[in-house]
Amino acid sequence: MGTFVVERTYVGDRGTRAGWVPQHRAYLEELIERGVLLAAGPVVGVNGGLLIYRAADRSDLDDVLAADPFARAGLVASVRVLDWNPTTGIWAAKGVH
């Protein structure tokens, strides 16, 4: 299992995404229940978000990202993925890497 930090920017403003927010949040909740999504939220002052995922590999992560309602609706302008290995802190102590 790998840990991936994903930085996304979005098309348009919040109003552009408003109709997709319920489906997006439901999808994120499903990922949390499955242990795939560790954390997510908007980046202050940026039209984007930061998400931390656990996935078997980059290919599995790409499938998870593509299934997000925001991505399916064409609302994601850019994605930056970092393969992250937390070595200190709470997640490191719990073996999240």
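Rules behind the numbers
- Residues numbered from 1 in each chain as written.
- Predicted model: local features only at pLDDT ≥ 70, side-chain atom pairs only at ≥ 80, totals over all residues.
- Heavy atoms only, no water.
- Salt bridge = Lys/Arg side-chain N within 4 Å of Asp/Glu carboxyl O.
- Helix = DSSP H or I, 4+ residues; strand = E, 2+ residues; numbered from the N terminus.
- Buried < 20%, exposed > 50% of the residue type's maximum accessible area, 1.4 Å probe, protein only.
- Phe/Tyr/Trp six-rings, centres within 6.5 Å; stacked < 30°, edge-to-face > 60°.
- 1 Å grid on protein atoms, 1.4 Å probe; cavity = no way out; pocket = protein on both sides within 12 Å on 5 of 7 lines; lining within 4 Å.
- Points joined across faces, edges and corners; volume = space filled by probe spheres on them.
- Nonpolar A, V, L, I, M, F, W, Y, C, P; charged D, E, K, R; others polar.

Student: Would you mind going over the pattern of salt bridges with me for this structure?
Tutor: Proximity of charged atoms lets side chains of opposite charge pair with each other. Counting across every chain of the model gives four salt bridges. Note that R8 is salt-bridged to D68, the shortest N-O span being 3.4 Å. Pair noted here: R8 is in strand β1 (residues 2-10) and D68 is in the loop between α3 (58-67) and α4 (69-72), with a separation of 60 residues, a long-range link. What makes D68 buried here is its relative accessible area of 1%. Where R34 meets E30, a salt bridge forms, and the shortest distance between an N and an O atom there is 3.1 Å.

Student: Would you explain the packing of aromatic side chains in this entry?
Tutor: Enumeration according to the criterion identifies one aromatic pair in this entry. Ring geometry for Y10 against F70: centres 5.5 Å apart, planes inclined by 80°, an arrangement best described as edge-to-face. Of this pair, Y10 sits in strand β1 while F70 sits in helix α4, placing them 60 residues apart in sequence. Across this residue pair, the class does not change: Y10 and F70 are buried.

Student: What is the right way to look at the layout of surface pockets in this model?
Tutor: To find leftover empty space, one rolls a probe the size of a water molecule over the atoms. Of the voids in this model, the largest pocket is the one considered here, and its volume is about 480 Å³. As for the largest pocket, its lining consists of 22 residues, of which R14, H24, R25, P42 and F70 are closest to the centre. Contributions of two or more residues to the lining of the largest pocket are made by β1, α1 (14-17), α2 (21-33), β2 (37-42) and β3 (48-55). Considering each element in turn, the lining of the largest pocket owes the most residues, six residues, to α2. Looking at the lining of the largest pocket residue by residue, the classes come out as 12 nonpolar, five polar and five charged.

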